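Residue-level listing of the chains:
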2 protein chains.
Amino acid sequence: MKDRIPSARKASGHTQRGQFAKRVSILDAAADVFCREGFSGASIDEIAMEACVSRQTIYNHYREKETLFMAVVQDVMDRANAALFSVLATFPSNADDLENELTAFAAGLMCNCSCNHDGKFLRRLVQTEGERYPHLFEAWRKQGPGRIDAALAALLSRLSRQANLDIDDFDLAARQFLALVNADLQMMLLFGETPSDEQIQTAARKAVQTFLRAYTRSSDKTAAANEKQLLPG
Amino acid sequence: MKDRIPSARKASGHTQRGQFAKRVSILDAAADVFCREGFSGASIDEIAMEACVSRQTIYNHYREKETLFMAVVQDVMDRANAALFSVLATFPSNADDLENELTAFAAGLMCNCSCNHDGKFLRRLVQTEGERYPHLFEAWRKQGPGRIDAALAALLSRLSRQANLDIDDFDLAARQFLALVNADLQMMLLFGETPSDEQIQTAARKAVQTFLRAYTRSSDKTAAANEKQLLPG
DNA sequence: GACGTTTTAGACAATAGTGTCTAATTTTAC
DNA sequence: GTAAAATTAGACACTATTGTCTAAAACGTC
């Protein structure tokens, strides 16, 4: 812990100059350390070392440890929200090639939201510090996961008018879509492992296939079944 | 943190005498504190106070903090595994009234595995300490969630021969069943909240309905759809 | 190149936690 | 009732951490 090589963040791509670069460097390093050690396990010295910055600089920018923590959470939440809504923008707008389009969407969701650094950070920290800092994560809960359901429900509603989808409760369908998407990789994510692109692709496809089987209007089922016979896997 | 009332565990139902009672008391209190504070945030003094036991007694039973932590994890894992397999034993064995039977099974799973103290503990601690103590949770991963998929897959396979279920990949179906069951309550569990019985019941029913829609053989779909018209909700 | 700002390393006090030790007290077993 | 075992409170050394302070160095701007 003491003899850590402090070059990591110097080498990485923070080429901005001045205070701003320091802030970014501190926030990045702090996110790593908080994620790895939790709030109480993380030490300012370790963060300073990982950010290649003196301890005093951290205290110059952020009055105390808790202030830094809140800034980090805010930073990660903002990034995660941006990523989420940028992925939502890729939701298929017409019913052509529905399975493939939905699969691509689901895979994007996993890559850019569930399986990246920010997703891991939020899963961990919300779960462990969410009760201690309710106000802190409540905003995220409403803006992030709280709104993804509604947004996805609206998209499904739009889609269901074009495709032959049989959905009563769009909110429920949205939650179930997301649950199915994470079904295969839940255990890996729980253990902090990062799934490969291939794993994400197959997980996405399986999820979409099941979702469509559950929510495709009955009259289309025979066609879908026939298609499955012709193109298995 | 200092002036906590130490009566909690004296009043609760540990009527056994002697060393054993102390061990139980310590393990229970330690589980609470580790769950609430994480490994590094938990202090031995706090655990001792919550267990109504002196610090020295804890060191008599468990050599050091890490030893105690491992014992707690083992204890919770054992209980959680027992609960899990006792719920698995309630899986419906015939196809009569499938939706209701599966719903009861799913609700049992949530009540006794996902939504109780042990479930919360394991979700939190595996996620935060799983990378630091891989050997510790690996056993659980294989015996617990690792085997639930296989066990549930076998049960689904048995069931599919009696009911008209159309499942190629039983492992996948098992994972998806579990994912759907947790879909509605995921967010509450993430924030450490405890769903009510009613929430669990409706979540279970919705999950089962979707699961059955996805995996019921096409020839039965029309019948199911008609039934749905007659008995909505 | 000079000035004001930012950063740095290090010392520092204050606090909190771990794990040990001891001597007194309580509990248990016989 | 007595002896052995377990438990207790408290003191203790040791370490780690937070947050402050200082004087020197580096930096950016003009």
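Residues numbered from 1 in each chain as written. Chains lettered and ligands numbered in written order. Predicted model: local features only at pLDDT ≥ 70, side-chain atom pairs only at ≥ 80, totals over all residues.

Caption draft 1: Structural view of the overall build of chain A. Along chain A, the regular secondary structure elements total 13 helices and zero strands. Listed N to C, the secondary structure of chain A is α-α-α-α-α-α-α-α-α-α-α-α-α in terms of helices and strands. Scored against the burial criterion, the 233 residues of chain A give a buried share of 36%. For chain A, long-range pairs separated by at least 24 residues make up 66% of all intrachain contacts whose partners lie at least 6 apart in sequence. (Helix = DSSP H or I, 4+ residues; strand = E, 2+ residues; numbered from the N terminus. Buried ≥ 20, exposed ≤ 12 C-beta atoms within 10 Å, placed from the backbone. Contact = placed C-beta atoms within 7 Å.)

Caption draft 2: Structural view of the domain arrangement of chain A. For chain A, the assigned domains read domain 1 (1-62) and domain 2 (70-230). Contact with domain 1 of chain A, which involves eight residues of that partner, is made by 10 residues of domain 2 of chain A. (Domains from an automatic or database assignment.)

Caption draft 3: The interface of chain B and chain A, seen in detail. Taken together, the contacts link 33 residues of chain B with 33 residues of chain A. Residue contributions to the side of chain B that touches chain A peak at seven residues, all from helix H10 (residues 170-183) of chain B. Class assignment for the residues of the side of chain B that touches chain A results in 11 nonpolar, 13 polar and nine charged. (Nonpolar A, V, L, I, M, F, W, Y, C, P; charged D, E, K, R; others polar.)

Caption draft 4: Structural context of the relation of the copies chain B and chain A. Overlaying chain B with chain A gives an RMSD of 0.0 Å, the required rotation being 180° about an axis along which the chain moves by 0.0 Å. In the structure described here, the two chain copies are related by an operation that fits a two-fold rotation axis. Identified as the residue of chain B closest to the rotation axis by C-alpha distance is Ala214(B), at 1.9 Å. Residue by residue, 100% of the interface of chain B is reproduced at the interface of chain A, so both copies engage with the same surface. (Least-squares fit on C-alpha atoms with pLDDT ≥ 70 in both.)

Caption draft 5: Local environment of the environment of Leu212(B). Residue and element names in this part refer to chain B. As for its placement among the helices and strands, Leu212 is situated in helix H12 (residues 197-215). Linking Leu212 and Ala71, residues 141 residues apart in sequence, is a C-alpha distance of 41 Å. If we skip the residues at most four places from it in the chain, Leu212 touches Leu98 and Glu99.

Caption draft 6: Structural view of the packing of helix H7 (residues 117-129) of chain A against helix H7 (residues 117-129) of chain B. It is the contact of H7(A) with H7(B), at a shortest axis distance of 10 Å, that shows an interaxial angle of 130°. Overall, the two elements H7(A) and H7(B) adopt an arrangement that is oblique. Note that H7(A) runs across H7(B); the crossing there is left-handed. Where H7(A) abuts H7(B), its residues Arg123(A), Arg124(A), Gln127(A) and Thr128(A) lie against Arg123(B), Arg124(B), Gln127(B) and Thr128(B). Among the residues forming the contact of H7(A) with H7(B), the class breakdown is no nonpolar, four polar and four charged. (Axes fitted to C-alpha atoms, helices over the stretch in contact; angles between N-to-C directions. Parallel < 35°, antiparallel > 145°, perpendicular 65-115°, else oblique. Left-handed = near helix turned anticlockwise from the far one by under 90°.)

Caption draft 7: Spatial organisation of the protein's contact with DNA strand D. What surrounds DNA strand D is a group of 17 residues, the closest being Glu64(A), Lys65(A), Ser54(B), Gln56(B) and Thr57(B). Secondary structure elements with two or more residues in the surface near DNA strand D: helix H3 (44-51) and helix H4 (55-61) of chain A together with helix H2 (18-41) and helix H4 (55-61) of chain B. The residue inventory of the surface near DNA strand D, partitioned by class, reads three nonpolar, eight polar and six charged. (Near = placed C-beta within 6 Å.)

Caption draft 8: Structural context of the protein's contact with DNA strand C. If you check the shell around DNA strand C, you find 16 residues, and the closest are Ser54(A), Gln56(A), Thr57(A), Glu64(B) and Lys65(B). For the surface near DNA strand C, the secondary-structure elements that each account for two or more residues are helix H2 (18-41) and H4 of chain A together with helix H3 (44-51) and H4 of chain B. It is H4(A) that provides the largest number of residues to the surface near DNA strand C, a total of three residues.

Caption draft 9: Local environment of the nonpolar core. Within the largest apolar cluster, 128 residues are counted, with the highest numbers of intra-cluster contacts made by Met110(A) and Met110(B). Setting aside residues up to four positions removed in sequence, Met110(B) forms contacts with Cys115(B), Val181(B), Leu185(B), Ile200(B), Ala203(B) and Ala204(B). (Core = buried A, V, L, I, M, F, W, Y, C linked by C-beta atoms within 7 Å.)

Caption draft 10: Structural detail: H3(B). For H3(B), the set of buried residues is Ile47(B), Ala48(B), Met49(B), Glu50(B) and Ala51(B). Residue Cys52(B) follows H3(B) closely and has a positive phi angle near 55°.

Caption draft 11: Unusual backbone geometry, seen in detail. The phi angle at Asp97(A) is positive, at roughly 55°, despite the residue not being glycine. The exposure class assigned to Asp97(A) is exposed, which follows from the 11 C-beta atoms found within 10 Å.

Caption draft 12: Examining the packing of helix H9 (residues 145-162) of chain A against helix H10 (residues 170-183) of chain A more closely. All names here are of chain A. Taken N-terminus to C-terminus, the directions of H9 and H10 make an angle of 110°; their axes are 8 Å apart at the nearest point. Classified by the angle between their axes, H9 and H10 sit roughly perpendicular to one another. Seen from H9, the contacting residues are Asp149, Leu152, Ala153, Leu156 and Ser157; seen from H10, they are Phe170, Asp171, Ala173, Ala174, Arg175 and Phe177. Counted by class, the contact of H9 with H10 contains seven nonpolar, one polar and three charged residues.

Caption draft 13: Representation of the environment of Glu66(A). Tracing the backbone through its elements, the reader meets Glu66(A) in helix H5 (residues 65-88). Taking the C-alpha atoms as reference points, Glu66(A) and Leu98(A), separated by 32 residues in sequence, lie 47 Å from one another.

Caption draft 14: The arrangement of the confidence of the model for chain A in detail. Residue and element names in this part refer to chain A. Looking at chain A, pLDDT values average 86 and 86% of them are 70 or higher. Put simply, helix H1 (residues 8-11) is where chain A has its lowest mean pLDDT, 40, and helix H12 (residues 197-215) is where it has its highest, 97. With pLDDT under 50 throughout, residues 228-233 is counted as low confidence; its partners more than four residues away or in other chains account for zero contacts. (pLDDT = per-residue confidence, 0-100.)

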